[in-house]
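Coordinates in review
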Amino acid sequence: MQARFSGWRESQAPTPARSFGLYETPTPTRITMKTIIEPFKIKVVEPIRMTNREERLGYLHAANYNVFKLRGDDVLLDLLTDSGTAAMSSEQWAGVMRGDEAYAGSPSFYRFEAAVKAIFGFEHVIPTHQGRAAERILFSTVCTPEHVVPNNTHFDTTRANIEATGARAVDLPVPEGLVPSSPGPFKGNMDVGKLEALISEVGAAAIPLCMLTVTNNTGGGQPVSMANVRAVSGVCRSHGIPLYIDACRFAENAYFIKLREEGYVGRSVREIVKELFSYADGCTMSAKKDGLANIGGFVATNDEALARQERDLLILTEGFPTYGGLAGRDLEAIAIGLEEVLHEDYLQYRLASVRYLGEHIARGGVPIVQPPGGHAIYIDAAAFLPHIPAQEFPGQSVVAELYVEGGIRGVEIGSVMFGRQDPETGEEHPAAMELVRLAMPRRVYTQSHVDFMVEAIVQVYERRERIGGFRLTYQAPTLRHFTAEFEPLYGIGS
Ligand SMILES: *Cc1c(COP(=O)(O)O)cnc(C)c1O
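All values reported here derive from a predicted model rather than from experimental measurement.

**Overview of the sheet that holds strand S14 (residues 435-439)**
Sheets are built from strands paired through backbone hydrogen bonds, the pairs being either parallel or antiparallel. Strand order across the open sheet formed by three strands is S9-S14-S11, with antiparallel pairing between neighbours. Only two strands of the sheet have a single partner each, and these edge strands are strand S9 (376-380) and strand S11 (411-413). Strand-to-strand, the axes of this sheet are offset by a mean angle of 35 degrees, without reference to chain direction. Against the sheet, helix H12 (residues 344-363) engages S9 and S14, with an angle of about 25 degrees to S9.

**A look at the site of the ligand**
Surrounding the ligand, one finds 15 residues, the nearest of these being Arg 132, Asp 246, Arg 249, Ser 286 and Lys 289. In the environment of the ligand, an oxygen atom lies 2.9 Å from a nitrogen or oxygen atom belonging to the side chain of Asn 217. At 2.8 Å, a side-chain N or O of Arg 249 approaches an oxygen atom of the ligand. For the ligand, whose free accessible area comes to 380 Å², the fraction covered by protein is 98%. The set of elements that each furnish at least two residues to the shell around the ligand consists of helix H4 (131-142) and helix H5 (156-163). Ranked by residues supplied to the shell around the ligand, first place goes to H4 with three residues.

**Considering the layout of surface pockets**
Take a probe with the size of a water molecule and roll it over the atoms, and the empty space left behind shows itself. If you add up the space inside the largest pocket, you get close to 1400 Å³. Those elements that provide at least two residues to the lining of the largest pocket are helix H2 (90-98) and H12. Per-class residue counts for the lining of the largest pocket are 18 nonpolar, ten polar and nine charged. Composition of the lining of the largest pocket by domain shows at least three residues from each of domain 1 (53-75 + 345-488) and domain 2 (90-340).

Cut-off values and rules
- Residues numbered from 1 in each chain as written.
- Predicted model: local features only at pLDDT ≥ 70, side-chain atom pairs only at ≥ 80, totals over all residues.
- Heavy atoms only, no water.
- Pairing = 2+ DSSP bridges.
- Helix = DSSP H or I, 4+ residues; strand = E, 2+ residues; numbered from the N terminus.
- Axes fitted to C-alpha atoms, helices over the stretch in contact; angles between N-to-C directions.
- Contact = heavy atoms within 4.5 Å.
- Near = heavy atom within 4 Å.
- Polar contact = N/O pair within 3.5 Å; in protein donor to acceptor, adjacent residues only side chain to side chain.
- Areas by Shrake-Rupley, 256 points an atom, 1.4 Å probe, with all protein chains shown as cover.
- 1 Å grid on protein atoms, 1.4 Å probe; cavity = no way out; pocket = protein on both sides within 12 Å on 5 of 7 lines; lining within 4 Å.
- Points joined across faces, edges and corners; volume = space filled by probe spheres on them.
- Nonpolar A, V, L, I, M, F, W, Y, C, P; charged D, E, K, R; others polar.
- Domains from an automatic or database assignment.

See below:
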């Protein structure tokens, strides 16, 4: 029992993630100890509900085996997403009380705007109800059907919002970004050669903007290096193409740069963030991630004419430009969250807790995307269940079995999410990788919760040979993973 509460200590045995020795952590804490602790104490608790295996089999069946359709209180440990699931701090709750609900010109907006400008350095800040609203406003203002938008890897809503304008979304990850088992410090990088090739192929005029997603969520939560941001920015600027950062996990990415990139160990995360965004012309942000808030987002830009058009569209669909679909109290929570997320004690704990989950399941044999990402661990479902073909959705099987085993909810990021069905032949075109994402909510779970996750995941791994695939029985034409329905081909919970 003693060991159970030993803290997020670095693992003793070398594991694949650490064997290349890049990631020795310069400790930012003033107290020098090996054990990394949660840098907070708990003021409010929310009970979670235990269920038995029988009940979970019933709930999953009733949800057509799609965990998006489960009720939250039927889930014990919810790793569906790190989006909007953070625990807010006492300061943020105090900010909620301070929130001013003036329709126009609320002081809460000005506090929010000042926080965003101070951290990111852009001139125009437009609040939105969440990240995808920022994306829709940006892309529907700049994209036409002739356009192409490159990105290291588009997140699903980013791709969908680009495609909704008729434009084409192109992923240009570095080759190692597509090899789950190959370790590397910056597997989230964009392939700069491929960006140059794309520009010569379609012409700079066909590229209204280039995106760079930090960290690369769909590509395994892997960070992008400062050198890569600089290089991509250089190519874009030489062709007159604006660069926008998908900034959802900007602080986690900056802390990875501090730990892994030469020349940044002595720089503060705030300075790193400032430099990173100085290479860009604007950003989209979901404050539900590194905003440490439960809702919100923004789009920011240095382009005044564009900001004007975006505000007009905002008024039509989101709200007046000083609230953008949010309440004044939300703007306060975001302003404070954006500051708190830069605290290096927090970032050290954040990355250590995610790494702890990854290292411990990897030690149990579970194949994961190496090295562990900033906000999530990605299980390589194709390697976990090599006997299940992509057309039978091995990631879906891992997700279903984790729920049955331990009430844990993860999410498939593979052929259910990114595969396509040929509308004529009905044939399934699989995704590049079959992953299952276990996303860690911020400041929510403790180490014993993670020890429980490790135990359940390794137990599923040990009975992997008895696990079968799934068949789709319903799918929507876009973003099908949210509402899809499935049938197990050979039963579950073996
Ligand atoms: C979550 C996310 C978005 C979309 O933000 P929402 O707040 O969920 O609408 C966009 N890009 C990335 C990389 C994300 O992780």
